[in-house]
Amino acid sequence: QLQLVESGGGLVQPGGSLRLSCAASGSTLEDYAIGWFRQAPGKEREGVSCIAVSGGSTNSADSVKGRFTISRDNTKNTVYLQMNSLKPEDTAVYYCSAASRGMFRLCIRAQSTYDYWGQGTQVTVSS
């Protein structure tokens, strides 16, 4: 019943910023760990960042550490991915996902861990 809808993608110049949103409906995100994944053309889907159910722990890929920040606002039933200092290699479709089991205090970015997926939002970093 949980539905996820990503938004906030678009075209941005290198060095720019975007904030992606993942809005949930049908259930409260308080019960889920959330992961952001991305997939570039011709590449495997990769885990970008995740946040535990508690919101107290996050886990990000080395390629985005220091640039991307995942957060959640349970009052708005929304998860965010703040992306700064964007690079062309960040170009991809970004997906929001939710895990219905485990990861209450810690999270991992393995795709198989997550149960629900949004349709994705395109991020293009180009000058």
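Residues numbered from 1 in each chain as written. Predicted model: local features only at pLDDT ≥ 70, side-chain atom pairs only at ≥ 80, totals over all residues. Heavy atoms only, no water.

A. Structural view of the pattern of salt bridges. Applying the stated criterion across every chain yields a total of four salt bridges. Here Arg38 makes a salt bridge to Glu46, at a shortest N to O gap of 2.7 Å. Arg38 sits in the buried class, given a relative accessible area of 5%. Note that Asp62 is salt-bridged to Lys65, the shortest N-O span being 3.3 Å. The residues Asp62 and Lys65 share a single accessibility class, namely exposed. Salt bridges sharing common partners tie together Arg38, Glu46, Arg67 and Asp90. (Salt bridge = Lys/Arg side-chain N within 4 Å of Asp/Glu carboxyl O. Buried < 20%, exposed > 50% of the residue type's maximum accessible area, 1.4 Å probe, protein only.)

B. Looking closely at the side chain of Thr121. When you line up the elements, Thr121 lands in strand β11 (residues 121-125). For Thr121, a relative accessible area of 10% translates into the label buried. Side-chain polar atoms of Thr121 contact the backbone nitrogen of Gly9, separated by 3.3 Å. Ignoring any residue separated from it by four or fewer positions in sequence, one finds Thr121 in contact with Glu6, Ser7, Gly8, Gly9, Leu20, Ala92, Val93 and Tyr94. (Helix = DSSP H or I, 4+ residues; strand = E, 2+ residues; numbered from the N terminus. Polar contact = N/O pair within 3.5 Å; in protein donor to acceptor, adjacent residues only side chain to side chain. Contact = heavy atoms within 4.5 Å.)

C. Main features of the packing of aromatic side chains. Taken as a whole and assessed by the stated rule, the structure comprises three aromatic pairs. Centroid distance Phe37 to Tyr114: 5.2 Å. Interplanar angle 75°. Geometry classified as edge-to-face. Here Phe37 is found in strand β4 (residues 33-39), whereas its partner Tyr114 is found in the loop between β9 (92-99) and β10 (116-117), with 77 residues between them in sequence. A relative accessible area of 5% means that Tyr114 is categorised as buried. One aromatic cluster in this structure is built from Phe37, Tyr114 and Trp117. A cation over a ring is seen here: Arg45 above Trp117, with NZ or CZ 4.7 Å from the ring centre. (Phe/Tyr/Trp six-rings, centres within 6.5 Å; stacked < 30°, edge-to-face > 60°. Lys NZ or Arg CZ within 6 Å of the ring centre and 35° of its normal.)

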